[in-house]
Amino acid sequence: MNAEAIITFARVESDWRLVGRIEDIPRQGARCVKTGEMTVAVFRTSDDRVFAMEDRCPHKAGPLSQGIVHAGCVTCPLHNWVISLENGRAQGADEGATRTFPVKVEDGSVYLKL
Amino acid sequence: MSKQKLVIIGNGMAPGRMLEHLFEATEAFDVTIFNAEPRVNYDRIMLSPVLSGEKSFDDIVIHDDAWYAEHGITLHKGEKIVHVDRAARRVRSEGGIEAPYDKLVFATGSTPFIIPVPGHQLKGVCAYRDLADVDQMKAAATQGGRAVVIGGGLLGLEAAAGLRAQGMDVTVLHLMPTLMERQLDPAAGYLLEKELAGRGIEIRCKANTKAIHGEGRVEAVELEDGTMLEASLVVMAVGIRPNVALAQCCGLEVGRGIMVGADMVTSDPDILSVGECAEVDGMVYGLVAPLYQMARVAAATLSGGQGAFRHNETPTKLKVTGVNLYSVGEFGEDPALEDIVLRDARRGTYKRIILRDNRVVGAVLYGDVADGAWYNEFLKSGESVEDMRETLIFGQAHQGGVAADPLAAIANLGDDAEICGCNGICKGQIAQAITSKGLTSLGEVRAHTKASASCGTCTNLVEGVIALTLGDAFEKKVEGMCACTDLGHGDVRILIRSKGLKSIPAVMQELEWKTPEGCAKCRPALNYYLVSEWPGEYIDDQQSRFINERVHANIQKDGTYSVVPRMFGGLTTPDELRAIADVADRYQIPTVKVTGGQRIDLLGVRKEDLIPVWKDLNEAGMISGAAYAKGLRTVKTCVGTDWCRFGTQDSTGLGVKLEKYLWGSWSPAKLKLAVTGCPRNCAEATCKDIGVICVDSGYQIVYGGAAGLHIQGTTELGLVKTEEECIRTIGALTQYYRETGFYLERIYKWADRLGYDHIRAVVFDDRQQRNAYADRFEHSQTFAQVDPWAERVQGAEAHEFKPMADLTLEAAE
């Protein structure tokens, strides 16, 4: 499948948006997707699971995509809040949550539903 | 049968301990405590760490409110007893509270002695005795200025070190010719004086205070010889006087203290006394060990048991981080005394054992104090050491070819060897408590036996006893790096080396990490340890670096970045400045600022502009200034002999050379240097991690300064003659720090932990080691000196700098 074909497919299924290939995201890392109204961070864990959430820490809006990823969580680079990748909730004693979005990988392509 | 009424006057450590023993033995008492201080019982001997900022008040509380409630104790805080009616057996407080007693305990403690020189009542003059004093000292420290501590004894020196740690200039005035003359002989006193002077504490011995001057508040201290010392705080630590006034008023027998028998009972059979106010067999005490012994005896007496107080020599230790000294027993000039002395000037160690008829009667140790407890055991047992006289001074590890296993030394101690001097706990008691109560951890042993629960210096010994008693069942609990492991930073570094672990997953697997992939605390630390341990072999794990080190720029609070190009030694050129100006214009960089490290900071750069900005700066000949790195930051300089009429050497040139030598290296925490051309110190070298002060005779290397949250001056490493030697020595020092520092531990904390004397011995005095460390540093640099900007301009890590997808563009199509 070439890239042209995917984009066509993405336009048909307007719910799911193609955002790139899984290998574009480093393991234990994240990449950003700009949507116009916000930036979404797409994370890839060491076991190749993919998660997406708004790139904005519930604490002081730190860019979560820049944090260290570990065991299903990301630590915000600004003040070390730990956010669950699964549900966007702050862990430990901190309270707050970031919006999460459905994301899926098919044949190595990453689709995001906004 | 109704309970007996026990009233206690005073709520210090001695009566607190007495109650603990009493409640273990009996529930026959209803207890009421009157405390003149408005607080619960806290650990007074830990006031020094509170002063230095290493601990908080909450850390040193012994009994919290819940404890009093749990034992049904009525505690009147801030209520001073003013009247004791022995005939009616009642006491009355200043606030009018009355309480009847069956048994009464005087634990009125002592009052610090205030020298009645003119001006002693001025504001800013205090003692060093309770939390109120510490609060006053800390408040004064926030104003800066100079503190004068009167008294160079144990307490005075701890106060001085604490105030220094709080950032004040400190002068200690001591009447006698050497410090701590009651516990240390002149040689050890000299070493201590040298160490403290090296930390920036001025020591004046044979100094007699004549007057304190000031308008309403302390401004200066005048000495007998006419010297005037500016001062914003004066701390008197010249001794204590037992509080006996109340006892005297109600007719109890009083000498220097309240007279008690060996059972702690005063001249009134229903009244006991414990603590610093009590005088037993002609002695009054100020150290915690004998006071706790009194507490034990008094509890036995009250509960109908038997106990007798016996005088013991109490070893002295100074609670100043990084200073190791130990002193016990006598060391006078008696001709019947013989000495065995070992000195190692280079390592700054001094050991002296004092014998009488082949029996140990005293020991003074400075620097290496590991054998203190062993010598003290001989002192207590009175055993003849004739057979081992020749090797005694080398310590327990060198007797009869015993291996240097640290546990072997503890195994060789007898059951009655004292482990915890503060609480008077012997090895046998600890072992017995472990077996009978099934204890398995240091915390439990502390809770049940009190061993190592006071000043904590015997923690290693106590852990040794637990390990010996439990065998393999005991796993030593060091403070773990994070929740992912119980291993401490030091253990992890050693194991990485000894097991040859060369990747983060290998470390986590072999060292049994409790989490699958670590956390944001341990991963960056492990990455650094591996980078430092295996130069050229280990591949840096970008995902384990903080964002700043990953994108080679500092993240700002709005998610933009700051960019700082390197300017070696703070030198720049018109071309470089033009290029910076062009970049600022081209990328609409909102703020351009000169930094404290003599660099130019471009603030507010958008992430996607980073690469083009770097490319333009690279093209103008500049590389990354690493202003984001736990690594070499800047070498600040003054203009030196090139321009300055006072300059003694080419400080700018040396700064440039140093920075060219050091740039690119990673270290446990950031590393900032300065080279100053003369002792006027315009480049502010004496508060840097490492500094060089140029003098006519060469280059004075200093290190361990701090000017952040914590402020402290540097300590001298040594003087070298040539630039070449200066650079290599700094390379060696940096490498030793790189190899043994804990992640995020600044060099001054590292030096406090290892000891300045020790560091000097390794990287300065021992030329062979110095060269070996410098060689290792240079080897590591061959891999480290790569400009990260150029790499990224070439395309490395490209994913970091642009979004994966921009759906706004797609939508607009």
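In the nomenclature of an unreviewed UniProt entry, chain B corresponds to Nitrite reductase large subunit NirB from the organism Sagittula salina. Per UniProt, the comment on chain B under Pathway (unreviewed entry) is "Nitrogen metabolism; nitrate reduction (assimilation)." According to the UniProt record, the Sequence similarities (unreviewed entry) comment for chain B is "Belongs to the nitrite and sulfite reductase 4Fe-4S domain family."

As recorded in an unreviewed UniProt entry, chain A goes by Nitrite reductase small subunit NirD and comes from Sagittula salina.

Chemist: How do you make sense of the nonpolar core when you look at a structure like this?
Modeler: Soluble globular proteins: nonpolar side chains tend toward being buried together. Core analysis: the biggest nonpolar cluster contains 140 residues, and Val234(B), Val235(B), Val274(B), Ala298(B) and Ile419(B) have the highest contact counts within it. Here this core gets ten residues from one element, more than from any other, and that element is helix H8 (residues 288-302) of chain B. Structurally, this core is a two-domain feature, drawing no fewer than three residues from each of domain 1 (4-110 + 242-302) and domain 2 (125-238) of chain B. Counting 120 residues, the second-largest nonpolar core is a separate cluster that includes Cys73(A), Val507(B), Ala683(B) and Met804(B).

Chemist: It is not clear to me how the packing of helix H25 (residues 756-765) of chain B against helix H26 (residues 767-784) of chain B should be interpreted in this structure. Could you clarify?
Modeler: To describe two helices that pack against each other, one gives the angle between their axes and the distance between the axes. All names here are of chain B. Packing of H25 against H26 brings their axes to within 6 Å, and their N-to-C directions diverge by 80°. As far as their axial angle goes, H26 and H25 are roughly perpendicular. For the pair H25 and H26, the contacting residues are Val 762, Val 763 and Phe 764 in the first and Gln 769, Arg 770 and Tyr 773 in the second.

Chemist: Teacher, can you tell me more about the sheet that holds strand S6 (residues 98-100) of chain B here?
Modeler: Pairing between the strands of a sheet comes from backbone hydrogen bonds, and it takes one of two forms, parallel or antiparallel. All names here are of chain B. One open sheet holds the three strands; their spatial order is S4-S5-S6, and the pairing between them is antiparallel. At either end of the open sheet lies a strand with only one pairing partner, and these are strand S4 (81-85) and S6. Taking each pair of neighbouring strands and ignoring which way they run, the sheet shows an average axis angle of 20°.

Chemist: What should I look at first to understand the sheet that holds strand S23 (residues 325-329) of chain B in this one?
Modeler: Residues and elements named next belong to chain B. Read from one edge of the open sheet, five strands run S22-S23-S26-S25-S24, paired in antiparallel fashion. Each having just a single partner strand, strand S22 (316-317) and strand S24 (338-344) make up the two edges of the open sheet. Looking at chain direction, S22 and S23 are connected through two bridges and run antiparallel. Across the sheet, Thr 316 pairs through a bridge with Ser 327, a residue of S23. Seen against the sheet, helix H6 (residues 186-198) touches S23, strand S25 (349-356) and strand S26 (359-366) and runs at an angle of roughly 20° to S26.

Chemist: Would you mind showing me how to read the UniProt feature "binding site: siroheme" (unreviewed entry) in chain B here?
Modeler: Residue and element names in this part refer to chain B. Mapped onto this structure's residue numbering, the UniProt feature "binding site: siroheme" (unreviewed entry) falls at Cys 682. Along the chain, Cys 682 falls in the loop between strand S34 (671-676) and strand S35 (690-695). Taking the number of C-beta atoms within 10 Å as the measure of exposure, Cys 682 has 18 and is therefore partly exposed. Here Cys 682 is in contact with Cys 638 and Thr 676, once residues within four sequence places are set aside.

Rules used throughout
Residues numbered from 1 in each chain as written. Chains lettered and ligands numbered in written order. Predicted model: local features only at pLDDT ≥ 70, side-chain atom pairs only at ≥ 80, totals over all residues. UniProt positions renumbered as here; feature names shortened; annotations may be inferred. Core = buried A, V, L, I, M, F, W, Y, C linked by C-beta atoms within 7 Å. Buried ≥ 20, exposed ≤ 12 C-beta atoms within 10 Å, placed from the backbone. Helix = DSSP H or I, 4+ residues; strand = E, 2+ residues; numbered from the N terminus. Domains from an automatic or database assignment. Axes fitted to C-alpha atoms, helices over the stretch in contact; angles between N-to-C directions. Parallel < 35°, antiparallel > 145°, perpendicular 65-115°, else oblique. Contact = placed C-beta atoms within 7 Å. Pairing = 2+ DSSP bridges.

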